[in-house]
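So the chains spell out like this:
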Amino acid sequence: MSTLLEIKSSVLRQVQVCPSFRRRTEEEPASSSTEVQEPAAAAWKPGDGVEFFAQMRLILKKGESRQGLPCPEVLLRSSSPAPTEPVDPSRGLRALTQEEVEMLYEEALYTVLYRAGTMGPDQVDDQEALLSYLQQVFGTSPEEHAEAMERVKKAKAPTYALKVSVMRAKNLLAKDPNGFSDPYCMLGILPASGTLREPGPHKEQRFSFRKGSKRGGPLPAKCIQVTEVKSSTLNPVWKEHFLFEIEDVSTDQLHLDIWDHDDDVSLVEACRKLNEVIGLKGMSRYFKQIVKSARANGTSGPTEDHTDDFLGCLNIPIREVPVAGEDRWFKLEPRSSASRVQGDCQLVLKLITTQRDTSMSQRGRSGFLSYLLLLSRLLQFEHRAEEPNSSSWRGELSGPAVTVLCLHGAQSNLSALQLAVLHWQVSSRHHQIRTLDYGYLLGLLEDMQAHWEEAASLPQEQEEGLADSFSAFSEFGLRLLRQLRDYFPATNSTAVYRLELLLKCLGKLQLFQPSFEICPFETELNMDIAAALKRGNREWFDKLLNSQSPREQPGPQRLAGLVKLADTVYEDLQSCYGIYASLFHSIIKIDFFTLTFRQLERLVAEEAWVLTEELSPKMTLEVASGLFELYLTLADIQHFWSSIPGRDSRSLALAGIHAPFLPAVKLWLQVLRDQAKWRLQGAVDVDTMEPMDSSSKHSSSAATASLCFSHIQELWARLAWPDPAQAQGLGTQLSQDLCEATLFYTELLRKKVDTQPGAAGEAVSEPLCVVLNDVELLRKAAGQALRGLAWPEGAPGLEGVLPRPLLSCMQALDEDLQREARTVTAHLTSKMVGDIRKYVQHISLSPDSIQNEEAMAPLLKYLDEKLALLNASLVKENLSRVLEALWELLLQAILQALGANRDVSADFYGRFHFTLERLEEELRLHQCSTRECIEQYYLDKLKQRSLEHNRFGRLSVRCHYEAAEQRLAVEVLHAADLLPLDANGLSDPFVIVELGPPHLFPLVRSQRTQVKSRTLHPVYDELFYFSVPAEACRRRGACVLFTVMDHDWLSTNDFAGEAALGLGSIVGVARPQVGGSARAGQPVTLHLRRPRAQVRSALRMLEGRNNKEAQEFVKRLKELEKYMEADP
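Computed from a predicted structure; not experimentally measured.

Our next topic: the packing of aromatic side chains. Evaluation of the coordinates by the stated rule reveals 24 aromatic pairs. Where Trp424 meets Phe470, the ring centres are 5.9 Å apart and the plane angle is 70°; that geometry is what we call edge-to-face. With Trp424 in helix α13 (residues 416-431) and Phe470 in helix α15 (residues 460-482), the pair connects residues that are 46 residues apart, well separated along the chain. Considered together, Trp424 and Phe470 belong to a single accessibility category, that of buried residues. Where Tyr577 meets Phe640, the ring centres are 5.9 Å apart and the plane angle is 75°; that geometry is what we call edge-to-face. Taken together, the residues Tyr577 in helix α19 (residues 555-588) and Phe640 in helix α21 (residues 621-642) connect sequence positions 63 residues apart. When its relative accessible area of 2% is taken as the criterion, Phe640 is described as buried. Taken together, the aromatic side chains of Tyr570, Tyr577, Phe593, Phe597, Phe640 and Trp641 make up a single cluster linked through ring pairs.

What follows is the structure, given as structure tokens:
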């Protein structure tokens, strides 16, 4: 009772300090902020509350998708084929005339007919197959093909030549005393007869690279070529290039000798080189050289040379040289079986033609141009064989095409760089008339870059052609980047990958820019790309503006389109940041996101400023709604910029954009207030005043009201008005509107429940319980929503502190709702007053011969029935309110009974003292949750004390906790003085060991000892382990329960007694285990007992609960109760 008085006085003090919101609205009837004004005729209609909040939910959902910075995984939603890129037939290579086509066809036939060298594994060696393929490529008829073949066969055969590059040698023999050699190469063409060919006719010299022929002698230069001498090395590097004419490709051979060059030296000079001698072999060579020098100084003639030593030779048939040429290491061979050589020599060989009897050659068309035209023809033919949508084609040519191009490139003596340039020129032009894979084009650029670094340069004409191809491709790429969103949409992973490859191609073009004498770009390419992107952004925005919000339309009609445009711009900026920005920055060093954001943000801001100025004089509710949604998107754009580290939104064109939107926001919030009331009215009208489902205890209207308040809170957070003073005004008004709507809802509920039929005659009214739960749910929802309406006050250090007006509003609303809950509670309990007085009077009139339990049994039964209904119908907070009210009613009824019976015995007062204790325990248990009741059941077992210690016997146990193994050890030692439960005056006892409460140890199963036959003093000495964490053992009510049973063979087992031991006090849980003993701790003697009424009251409380956990626990105990006998 004192507690209730203290609560009442505290509430009165709070009411005096902070008047309620309900009273404040009554005292200020003239206040415009609290009056519910009827909206204008053009406003939302009362029946549109559902539609209004549905639209608001869409606005909030739009904001939810804009939380945080976008990630590529979310944006890339499609892997479908990329959009088709534009093509222009006029951007390809010049179309050939019929005469030029015929000349090119003859050039290709000439190349195939006079091929020389060995075909590779990927090439076609069948001449007829190659000719047939060319006939298909050029589309010639059999007659035209036969005529062309006749002309080609009558033409003079080409003149062949062998290009030889002597690169290096390795691991040569050491011929000099210093352990090295001075190697040089002599090489020439060896005819089939074995003699070197002189340039004149019928002059033949027997082939011999003899020592008697001094270097630089009268041998012709065309017969033998000699490299430089590389001094003192066994791994010489020459990198010298030679050209030899070939008369018979099928029989001629390339012969190469490597010699060690030794100049004539005197005996004195040889002796001076003693310090260069290395090793014993070097010493032997040294003495030979001295003897040789002495002979040479004495007897040798001026033309004899005995000093050059043979190091190895090579013989390579011309017919074995591959068509595409080769770069390989050849193993050196000896001149005879007596020669000793070692090492390898690297040669680069290529068989070319120097004179070709074709129409193109006769007209001065270079092999470079012929190859370009032939490659273009073959590429077009091969690409036509692909599928129509062949943007993924990577230029894979067939075997005949590869063979023809390889033959022509080799015969035309085109370098690797020239071939790379030709393939890029033709493919990049072809891409502009029929799309290729950008990965293929990037590979061509990388191949050209690799050869560019090795080669010297290109002829001017060829470099100009390459520069033109660069300009054409970059122009094509810039045109695509201007329409970036059309051809490379950010949601398409395939298109984004193509964009990445295109940017890499453009980046490669930038690397070539410093290498050109004739620069193909007037400015830096990345500057051109930035300009193209800006132009593309503007064109995209203008197109969007003209389609969604054209300036010719009136302002109200333009508004909806401008909202869509702003949303589209925001989504585009997300794509720019999440997808495009990293590509442009990492590949071509352009800050695409900043460039695009600045441009689009400025354009959107300009349109918004103009439109708000036009619509301000024409403000209607529809216009306000559109402007409100537009402002939210503009604010999202600002927040998107500021959420990026290092970005400041104060420099944006949208800074300060909130000012012209303030009137629209105020008007929209007024609409929100009216719509909220209409929505609540509609929800209450259709409410059946029943719980929504089995898991909830409130009605549908409370869920609707809670959802509306949650939407209002989310909307305020999304609004995030930047001006603190204006935000305070808006927040204050919105909080007052929300409080007013809350009280409006409670009034609707009260009226609704008053009209419910049949509510007056029931002791526990379900509609009243639902109303009480609805009020409690709304109290929490409104409080949370009001806390979410906090606004920045501008003072530093006040983050997280509610503004005073908002705090005052929250306190006043909470008081009003608490008062409403108490009113409903009083109305609910008032129906039980008569019954409570009747049962209390029954206790007072009961004779002294009746036990206290029997006297108060009707009251307890009544309370159990009603409180079971209330427990099932009320939430926890409301159940506490009802229990407090019932306690007050019980106290008043008992005080009234005591006042009516003054001259009575002390037993009369003792009975009511017992009644108060039991009622207090009953109400306390009813206030507990199911798990708290179960815990209380075990706590009551721990608190039990047996009045007769030896009545049911004793049990000796020992427990400790092993922290290292995370397990509880329970040892059952022995029992004594057990009850005799068998006919022979003995028992067959065993002990069940289990841990409780079950929700603390859900995975632990009970264990049992062995049965000890025919004894009242069994000895067990059995150890049991339970794997449980120490934290669970420290929880409230945690204990180990020992149940002693008598085993019967032919009937059910008999209950002998039970005992409980709290786990919080055992060794290892309460304090660390010390010592090395595995069984620490002293034995504990527990007195067995039967459950008392106090324990059974908790069990009875659980029986009245309908939830699954309570029913399963009661069922388990009921099975155990089958074995229990009544107290003797």
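That covers the picture; the talk isn't over yet.
Membership of the largest hydrophobic core comes to 236 residues, with the highest contact counts inside it found for Met448 and Phe584. The dominant element in this core, judged by the number of residues it contributes, is α19, at 16 residues. In this view, Met448 contacts Leu417, Ala420, Val421, Trp424, Leu466, Phe470 and Phe512; residues no more than four positions away in its chain are not counted.

What follows concerns the sheet that holds strand β7 (residues 253-260). Pairing in this open sheet of four strands is antiparallel, and the strands run β5-β2-β7-β8 from one edge to the other. Each having just a single partner strand, β5 (225-226) and β8 (309-317) make up the two edges of the open sheet. Bridge count for strand β2 (residues 183-190) against β5 is two bridges, and the pairing is antiparallel. Bridging from a neighbouring strand, Leu187 pairs with Gln225 of β5.

Right, let's get into the environment of Thr159. Note on placement: Thr159 falls in strand β1 (residues 159-170). Using a relative accessible area of 24% as the deciding quantity, one classes Thr159 as partly exposed. Taking the C-alpha atoms as reference points, Thr159 and Ile246, separated by 87 residues in sequence, lie 7.4 Å from one another. If we ignore the near neighbours within four places in the chain, the residues touching Thr159 are Ile352, Thr353, Thr354 and Gln355.

Here the focus is the sheet that holds β1. Across the sheet, four strands lie side by side as β6-β1-β10-β9; this open sheet has antiparallel pairing. Among the strands making up the open sheet, the edge pair consists of β6 (237-246) and β9 (326-331). The average angle at which neighbouring strand axes cross in this sheet is 25°, direction not considered. Note that β1 and strand β10 (residues 344-355) share 11 bridges and pair antiparallel. The partner of Val164 across the bridge, within β10, is Leu349.

So, on to the packing of helix α5 (residues 98-113) against helix α11 (residues 367-384). Remark: α5 packs on α11, axes separated minimally by 10 Å, with the N-to-C direction vectors making an angle of 95°. Classified by the angle between their axes, α5 and α11 sit roughly perpendicular to one another. Where α5 abuts α11, its residues Val101, Leu104, Glu107 and Ala108 lie against Ser370, Leu373, Leu374 and Arg377. Residues of the contact of α5 with α11, tallied by class, amount to five nonpolar, one polar and two charged.

Here the protein averages 81 in pLDDT, while 82% of its residues score no lower than 70. Low confidence marks residues 794-798, where pLDDT is under 50. Its contacts with residues over four positions away, or in another chain, come to one contact.

Further remarks concern the environment of Tyr909. As for its placement among the helices and strands, Tyr909 is situated in helix α30 (residues 906-927). What makes Tyr909 partly exposed here is its relative accessible area of 38%. Taking the C-alpha atoms as reference, Tyr909 lies 8.0 Å from Leu898; in sequence the two are 11 residues apart.

Moving on to the pairing of β10. Along β10, nine of the 12 residues are buried, which leaves the element largely enclosed by surrounding structure. Note: β9 against β10, six bridges, orientation antiparallel. Of the residues in β10, the one forming a bridge with Lys331 is Asp344.

A separate point is the side chain of His383. Note that His383 resides in helix α11. We classify His383 as buried; its relative accessible area is 0%. Side-chain polar atoms of His383 contact the side chain of His430, separated by 2.7 Å.

Parameters at a glance
- Numbers given to residues run from 1 along each chain, matching the order in which its sequence is written.
- pLDDT decides what is reported in this predicted model: residues at 70 or higher carry local features, side-chain atom pairs at 80 or more are listed and counted, and totals for whole chains, interfaces and linings draw on all residues regardless.
- Calculated side-chain values reflect all of the structure's heavy atoms, with hydrogen atoms and water omitted.
- Two aromatic rings from Phe, Tyr or Trp, using only the six-membered ring of Trp, form a pair when their centres are within 6.5 Å; if the ring planes differ by under 30 degrees the pair is stacked, by over 60 it is edge-to-face, and anything between is tilted.
- Strands here are runs of E lasting at least two residues and helices are runs of H or I lasting at least four, both read from the DSSP assignment and numbered beginning at the N terminus.
- Each residue gets one of three labels from its accessible area relative to the maximum for its type: buried under 20%, exposed over 50%, partly exposed in between, using a 1.4 Å probe on protein chains only.
- Buried Ala, Val, Leu, Ile, Met, Phe, Trp, Tyr and Cys residues form a nonpolar core when they are joined through side-chain atoms within 4.5 Å.
- We call two residues contacting when some pair of their heavy atoms lies within 4.5 Å.
- Two strands form a pair only when DSSP identifies at least two bridges running between them.
- Fitted lines through C-alpha atoms give the axes, limited to the stretch in contact for helices. The angle between two N-to-C directions lies from 0 to 180 degrees.
- Roughly parallel here means an angle under 35 degrees, roughly antiparallel means over 145, roughly perpendicular means 65 to 115, and every remaining angle is called oblique.
- Think of it as three bins: nonpolar holds Ala, Val, Leu, Ile, Met, Phe, Trp, Tyr, Cys and Pro, charged holds Asp, Glu, Lys and Arg, and polar takes everything else, Gly as well.
- pLDDT runs from 0 to 100 and stands for how confident the predictor is about each residue.
- Whenever two N or O atoms come within 3.5 Å, that pair is a polar contact, provided that in protein one can donate a hydrogen and the other can accept it, and provided that, for residues adjacent in sequence, both atoms are side-chain atoms.

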